[in-house]
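# Fold and contact review
Residues per chain, in single letters:
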Amino acid sequence: MMSTLGIVQARMDSTRLSGKVLRRLSGRTVLDRVIRAAQASEVLDQLVVATTEEPLDDQIVAECERIGVPVYRGPVDDVLARFLGVLDEYESDVVLRFTADSPLLDPELIALAVKVFTAAPYVDYLSTSIHRTLPRGLDVEVVRTDVLRSIDKLATDYHRTHVTSYIYSHPEDYTVLGLTLQPDLSHLRLTLDTPEDWALIEAVIAHFGDQAVPVRTLTDWLAHRPELTALNAHVEQKALVQA
């Protein structure tokens, strides 16, 4: 059996919506919702939040203590170093990467990604965003721990900020698998990065309440509410080299 470690990267500072990870939705913080969704997948042996050493992120440490999950603190911009620091403290064979700005994560989708990854022992890295068919904000990434460790000497610049981007940018060196689901729902934006994103997510939580919602249930509901999806349809995602 593979030992599976989930790592949630989180920080308070954000250029477009500062403090977003500790905003409250239906009585719980965004970070709390991400953690609960990851745990509800029932595929993780351990989950750790990786934040920064900045004083501002003391608030994230306090929230993790309240929730009851371990936290690791490392460099601000070198997110890969943060992940490797977690790997030095927690044993694992496989790592799942989560971002703290995804409060609508689907536990069933996380479980499916791990099931597919486990069934393909030759795969180094799996992601739902290699060829995106899911809404942005529901992404799942799975990578072998030894592969993640191996890129420390290879990844530079923005590849260290994005943790796994060196791997999927070099498919000639790694076995990369893209997980796609139909129908194509990639036009939907369900991540939290701007005030417009917040307005949409608030409306979703106001309807569904304090529970994780399966992607198909959520997108079927949104299909009948174009006024909601229009709220952030104009928001452009930052390019890989910018984010």
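To keep things clear, this report deals only with the structure shown in the data block. This one's a predicted model, so the numbers in the text were calculated from it and none came from an experiment.

### Quick notes on helix H9 (residues 215-223)
Buried residues of H9: Val215, Leu218, Thr219, Trp221 and Leu222, and no others. All buried residues of H9 fall inside an arc of 155° around its axis, so they share one side. As for H9, its buried residues are in contact with helix H8 (195-208) and helix H10 (226-229).

### Considerations on the side chain of Asn232
If you trace the backbone, Asn232 turns up in the segment after H10. Setting aside chain neighbours within four positions, we find Asn232 in contact with Arg189, Glu196, Asp197 and Leu200.

### Focus: the packing of aromatic side chains
Counted according to the given criterion, the structure contains three aromatic pairs. An angle of 75° between the planes, with centres 6.5 Å apart, marks the rings of Tyr166 and Tyr174 as edge-to-face. Each member of the pair, Tyr166 as well as Tyr174, is classed as buried. With a centroid separation of 5.2 Å and an interplanar angle of 70°, the aromatic rings of Phe208 and Trp221 are classed as edge-to-face. Taken together, the residues Phe208 in helix H8 and Trp221 in helix H9 connect sequence positions 13 residues apart. Take Phe208: its relative accessible area is 14%, and that puts it in the buried class.

### Some words on the pattern of salt bridges
Going through the model one piece at a time under the given rule, you end up with 17 salt bridges. We note a salt bridge from Arg33 to Asp210, for which the minimum N-O separation is 3.3 Å. Residue Arg33 is located in helix H1 (residues 30-40), and its partner Asp210 is located in the loop between H8 and H9; the two are separated by 177 residues in the primary sequence. Taking the relative accessible area as the measure of exposure, Asp210 reaches 41% and is therefore partly exposed. The residue Arg160 makes a salt bridge to Asp152 at a minimum N-O spacing of 2.7 Å. Arg160 sits in the buried class, given a relative accessible area of 15%. For Asp152, a relative accessible area of 35% puts it in the partly exposed group. Salt bridges here are not isolated pairs; linked through shared partners, they connect Arg28, Asp32, Arg33, Arg36, Glu63, Arg66 and Asp210.

### A word on unusual backbone geometry
Cis geometry marks the peptide bond from Gln182 to Pro183, where omega comes out at 5°. Secondary-structure assignment places Pro183 in the loop between strand E9 (176-178) and H8. Of note in the backbone geometry, Asp157 takes a positive phi value of approximately 50° without being a glycine. With respect to the helices, strands and loops of the structure, Asp157 is situated in the loop between helix H5 (145-150) and helix H6 (158-161). With a relative accessible area of 64%, Asp157 lands in the exposed category. Not every positive phi belongs to a glycine, and Val163 is a case in point at roughly 65°.

### A short note on the environment of Gly178
Tracing the chain through its elements places Gly178 in strand E9. With 88 residues separating them in the primary sequence, Gly178 and Tyr90 have C-alpha atoms 27 Å apart. Residue contacts for Gly178: discarding those within four places in its chain leaves Ser127 and Ile130.

### A closer look at a negative patch on the surface
A cluster of acidic side chains, namely Asp45, Glu91, Asp93 and Asp146, defines a negative patch on the protein surface. Topologically, Asp45 is positioned in the loop between H1 and strand E4 (46-52). On the basis of relative accessibility, which here comes to 55%, the residue Asp45 falls in the exposed class.

### Describing the nonpolar core
The biggest cluster of nonpolar side chains holds 54 residues, and the ones touching the most others in it are Leu31, Val49, Leu96, Phe98 and Leu218. Only H1, E4, helix H2 (58-67), strand E6 (94-99), helix H4 (107-118), H8 and H9 provide two or more residues apiece to this core. Excluding residues within four positions of it along the chain, Leu96 makes contact with Thr4, Leu5, Gly6, Ile7, Leu44, Ile110, Val114, Val140, Glu141 and Val142. Formed by 22 residues, the second largest nonpolar core is a distinct cluster that contains Leu80, Val95, Ile151 and Val163.

Calculation rules
Residues numbered from 1 in each chain as written. Predicted model: local features only at pLDDT ≥ 70, side-chain atom pairs only at ≥ 80, totals over all residues. Heavy atoms only, no water. Buried < 20%, exposed > 50% of the residue type's maximum accessible area, 1.4 Å probe, protein only. Helix = DSSP H or I, 4+ residues; strand = E, 2+ residues; numbered from the N terminus. Arc of directions from axis to C-beta. Contact = heavy atoms within 4.5 Å. Phe/Tyr/Trp six-rings, centres within 6.5 Å; stacked < 30°, edge-to-face > 60°. Salt bridge = Lys/Arg side-chain N within 4 Å of Asp/Glu carboxyl O. Patch = residues over 30% accessible without salt bridge, like charges linked within 9 Å, V, L, I, M, F, W, Y side chains within 5 Å. Areas by Shrake-Rupley, 256 points an atom, 1.4 Å probe, with all protein chains shown as cover. Lys, Arg positive; Asp, Glu negative; His and termini not counted. Charge placed at Lys NZ, Arg CZ, Asp CG, Glu CD. Core = buried A, V, L, I, M, F, W, Y, C linked by side-chain atoms within 4.5 Å.

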